[in-house]
Amino acid sequence: MIKINWKVIGMLTLAGCLVTGNKALAQQDSIDLKVESLLGKMTLAEKIGQLNQYNGDWEATGPVTKDVGNKINEIKQGRVGAVLNIMGTTHIRTFQDAAMQSRLKIPLLFGQDVIHGYRITFPIPLGEASSWDMKAIEQSARIAATEASASGINWTFAPMVDIARDPRWGRVMEGAGEDPYLGSLIATARVKGFQGNGLGSIDAVMACAKHFAAYGAAIGGRDYNSVDMGLHTLWEIYLPPFKAALDAGVATFMNSFNDLNGIPATGNNYLQRDILKGKWGFKGFVVSDWGSIGEMINHGYVKDNYEAAEVALKAGSDMDMESRSYINNLSKLVADNKVPVSLIDDAAKRILRKKFEMGLFDDPYRFINAKREKTALNTPENIEAARDIARKSIVLLKNEHQLLPLSKDLKTIAVIGPLANAKKELKGFWSLEIDKNENNVSLLEGMQKQAGQTKLIYAQGCNITDNSRVGFADAIAAAQKADVIVMAVGEAPDMTGEAKSKSNIRLPDIQEQLIKEMKATGKPVVVLLMAGRPMIFNWTADNVPAILYTWWLGSQGGNAMADVLYGNYNPSGKLPITFPRSEGQIPIYYNHYNTGRPAQGDNDLYYKSAYIDLPNSPRYAFGYGLSYTTFEYQDDPFYSKIAMKDNQTLAISFVLKNTGKYAGEEVVQLYIRDLVSQPLRPVKELKDFRKILLQPGESRRVTFNINKNMLSFYNDKQELITQPGDFQVMIGSASNDIRLQRTFELVN
Ligand code: GLC
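Residues numbered from 1 in each chain as written. Predicted model: local features only at pLDDT ≥ 70, side-chain atom pairs only at ≥ 80, totals over all residues. Heavy atoms only, no water.

Two elements in contact, helix α13 (residues 305-314) and helix α14 (residues 325-335), have axes whose closest approach is 8 Å; the angle formed by their N-to-C orientations is 85°. Here α13 lies roughly perpendicular to α14, going by the angle between them. In contact with N305, Y306, A308, A309, E310, A312 and L313 of α13, α14 contributes S325, Y326, N329, L330, K332 and L333. Partitioning the contact of α13 with α14 into residue classes produces eight nonpolar, three polar and two charged. (Axes fitted to C-alpha atoms, helices over the stretch in contact; angles between N-to-C directions. Helix = DSSP H or I, 4+ residues; strand = E, 2+ residues; numbered from the N terminus. Parallel < 35°, antiparallel > 145°, perpendicular 65-115°, else oblique. Contact = heavy atoms within 4.5 Å. Nonpolar A, V, L, I, M, F, W, Y, C, P; charged D, E, K, R; others polar.)

One open sheet accounts for three strands, arranged β5-β6-β9; its pairing is parallel. The open sheet terminates on both sides in strands that have one partner only, identified here as β5 (208-212) and β9 (285-287). Looking at each pair of strands side by side, their axes are set apart by 30° on average, direction ignored. Here three bridges tie strand β6 (residues 252-255) to β9, and the two strands are oriented parallel to one another. Opposite M254, over in β9, you have V287 as the bridge partner. (Pairing = 2+ DSSP bridges.)

Taken together, 13 residues form the shell around the ligand, and within it T61, D113, R171, H211 and D289 come nearest. Take H211: an N or O atom from its side chain is 2.6 Å from an oxygen atom of the ligand. For the ligand, an oxygen atom lies 3.0 Å from a polar atom in the side chain of E498. About the coverage of the ligand: the protein hides 100% of its 310 Å² of free accessible area. Tallied by class, the residues present in the shell around the ligand amount to six nonpolar, two polar and five charged. (Near = heavy atom within 4 Å. Polar contact = N/O pair within 3.5 Å; in protein donor to acceptor, adjacent residues only side chain to side chain. Areas by Shrake-Rupley, 256 points an atom, 1.4 Å probe, with all protein chains shown as cover.)

So, on to the environment of G216. Looking at the secondary structure, you find G216 in the loop between β5 and α9 (231-238). As for G216 and N504, which are separated by 288 residues in sequence, their C-alpha atoms are 18 Å apart. Ignoring any residue separated from it by four or fewer positions in sequence, one finds G216 in contact with D162, I163, A164, W169 and Y238.

Quick look at the pattern of salt bridges now. Counting across every chain of the model gives 41 salt bridges. Close ionic contact of E174 with K210 constitutes a salt bridge, the shortest N to O distance being 3.7 Å. With a gap of 36 residues between them, E174 in the loop between β4 (155-156) and α8 (180-195) and K210 in strand β5 connect regions that are remote in the sequence. A salt bridge links K354 to E357; the shortest N-O distance between them is 2.8 Å. Placement of the pair is K354 and E357 together in helix α15 (residues 341-357), with a separation of three residues, close to one helical turn. Taking the relative accessible area as the measure of exposure, K354 reaches 9% and is therefore buried. Here the salt bridges do not stand alone but share partners, grouping D133, E384, R387, D388, R391, K392 and D563 into one network. (Salt bridge = Lys/Arg side-chain N within 4 Å of Asp/Glu carboxyl O. Buried < 20%, exposed > 50% of the residue type's maximum accessible area, 1.4 Å probe, protein only.)

For the pair helix α7 (residues 134-149) and α8, interaxial distance at closest approach is 7 Å and the crossing angle is 35°. Here α7 runs over α8; the crossing is right-handed. In contact with M134, I137, E138, A141, R142, A144 and A145 of α7, α8 contributes L182, L185, I186, A189, R190, K192, G193, F194 and Q195. Residue composition of the contact of α7 with α8, grouped by class: ten nonpolar, two polar and four charged. (Left-handed = near helix turned anticlockwise from the far one by under 90°.)

Turning to helix α23 (residues 557-565), a few remarks are in order. Of all nine residues in α23, nine are buried, a share of seventy percent or more. Along α23, the residues classified as buried are G557, G558, N559, A560, M561, A562, D563, V564 and L565. Considering only its buried residues, α23 is in contact with α17 (380-393), α18 (424-427), α19 (443-450), β14 (484-490), β15 (525-530) and β16 (546-549). Just downstream of α23, G567 is the residue with a positive phi angle, here 80°.

It is worth spelling out the domain arrangement of the protein at this point. Annotation of the protein at the domain level lists domain 1 (111-373), domain 2 (380-576) and domain 3 (631-747). Taking only C-alpha atoms into account, the centre of domain 1 sits 34 Å from that of domain 2. The interface is formed by 44 residues belonging to domain 1 together with 38 residues belonging to domain 2. The largest contributions to the domain 1 side of the interface with domain 2 come from R119, T121 and S130, which together make up 17% of the buried area. Remark: the boundary between domain 1 and domain 2 carries three salt bridges. (Domains from an automatic or database assignment. Buried area = accessible area lost by both parts, 1.4 Å probe.)

In this fold, R142 is placed in helix α7. Between the alpha carbons of R142 and G193 there is a distance of 4.1 Å; along the sequence they are 51 residues apart. Discounting chain neighbours no more than four positions away, the residues touching R142 are K192, G193, F194, Q195, G196, D203 and A204.

By the definition in use, this model includes 29 aromatic pairs. When the ring of W551 is compared with that of F579, the centres are 6.0 Å apart and the planes differ by 70°; the resulting orientation is edge-to-face. With W551 in the loop between β16 and α23 and F579 in the loop between α23 and β17 (631-634), the pair connects residues that are 28 residues apart, well separated along the chain. Residue F579 is classed as buried on the basis of its relative accessible area, which comes to 0%. Taken together, F212, W235, F242, F253, W280, F282 and Y714 form an aromatic cluster joined through their ring pairs. In this structure, K210 is placed above the aromatic ring of W430, and the distance from its NZ or CZ to the ring centre is 5.5 Å. Its guanidinium or amino end placed over the ring of F367, R366 lies 5.3 Å from that ring's centre, counting from NZ or CZ. (Phe/Tyr/Trp six-rings, centres within 6.5 Å; stacked < 30°, edge-to-face > 60°. Lys NZ or Arg CZ within 6 Å of the ring centre and 35° of its normal.)

Bringing the sheet that holds β14 into the picture now. In space, the six strands of this open sheet follow the order β11-β16-β15-β14-β12-β13, with mixed pairing throughout. Each edge of the sheet is formed by a strand with only one pairing partner; in this case those strands are β11 (395-399) and β13 (455-459). Across the sheet, the mean angle from the axis of one strand to that of its neighbour is 15°, orientation sign disregarded. As judged from the six bridges shared by β14 and β15, these two strands associate in the parallel manner. Residue pairing across strands places G490 opposite M530, the latter belonging to β15. Across the sheet, helix α21 (residues 509-520) touches β12 (412-416), β14 and β15, and the angle it forms with β14 is around 175°.

Quick look at the structure:
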């Protein structure tokens, strides 16, 4: 057994480097030296072992490999570098103990899909994206990291930063929607939240930007399907959030299942070598998605795992999650002179470097502390934070006659629907402990706590999908006794998420039938829609006076919804993704090109996208969301078109006024259009926004500073350029609700 005194190596190196004066550089150099020193002691088999990741035995999140053999023995033999899906410090300790029995005692990494919370479940990422609140989103990831790292996890497979324009794709719930600018800010916030004060902090976990790349553009919205797109779209729309994650210091990337333009991402040199490790200089490591290396056989890109291992390693996939291609073939590939040891060394060094940065060589058990696990989870302040971001994630879609907020003087409220008293459903897909319900609050419970003198009558009415109307009578009876009906409808957690693509994204028909029955009672109806994706619910949208889109809000969903219903919080959410009227409209998104025959209205012929059987516009636009109050955008009296040099910034300002009777937050959105450009630019692109809280009657001057970066775009050689000419600035409350327009000229 070789004993390595890392401390001595580290001290000598650090001392040497501190003379040069740069501590961070010194630390990095010290780690690099430790990595080189360790690598020099490793056999080829041990190096390959670092590139191998196994699933634990908690929950498979992919097709499980048969005949898994004895993983603990393999860990003892140094054949495993990381594991995933192992819950709890007790269990994790057994795996780390095994690693400590290997010849070089190289600690394991423990990965988990901590997507929206660990023990406390936060709103799904698409819900949080509706808050447009970067501080709140960062805090959500920070708390998730604090809980996960206290439970033995040191690596989360998040943030998922895939741009998604197709709500038929189940994984829209996991990302930040359709916009590259908003998606990039959210990617940054989540990486910072997960990695906190930096790798090595006891409450930091390594983040993982996934799925690289363009996974959200799967044809037909069918998960795992091919992606075919021009490089212009790849660079303009799908890559920016990954670059933002990298610039935020993300420790790892995960590649994607899809092929991109005929080459599987996991074997795609252009993506992983040319762009990620080459042009962008990524120094972390790339883990394959579950089995994706071996799945290149299914793709028809390689003939067997031997060739899959060769292609994937050469293309820059450093770690093999669960396909066993690396562990079973890399030694032979080296012996056959198909793969140089240098590639294995590079991959192993990238992985070892992260283990050193995480402090795992100083103390392999630093994250495995049962006492800390007990005290760090479910703290009152973190539960309160979950409630806060849940409130902020709610989008008010409609509020006719100011039906909301509900008056505390109401005598009776009927609380109706299959999700009215649901708990685990509110946690949604990718909730780690969906059946653990302590500290989870249903809508009914949340309302009961704030109902005061108002009597609540609950009736489920129907189930989420089966067509039984047996509960309708009770619901109608409850409704007839009530002054207002509050309904909670939507999806079960397994209706949206990974491998949950749907051709029909309508609210289940039985639920819309129940809504119609409630409407028929003549009582005012409020509908809360709980889902992971944009659903289609046209009858409800047209006929119900008050509608809230709540997504899956997590553990504190019930309290958050009650806060909004009773007006303790004025909803401020804005949609991060377009809601279609029909699946036939998909893909539909706001930042489209104008085309030679731009749509003039909703029903014009011989013009773009004019279906003869459907209006052109979406049901709800990107950036849309109402408030209990109203806001006025007061333009400055005089504004002439001015010129701007590309090394200048142009200030655009106006006055925002709260003209209603409630304090509220408005997300003021700034869109820009390059009126003439080659190649084309979209009719508008989100380039900045402010979330501003105003008291009733309060006014505030809002100033945006336009700079060259906001006007830059990729040309057909993927170079970032700007072109002189006229630009339009649009400021508004939604992408389809522009309140102020101005033009300026960019001059060389
Ligand atoms: C899954 C997902 C990926 C996840 C991984 C591990 O198949 O595609 O997002 O991180 O496997 O669970």
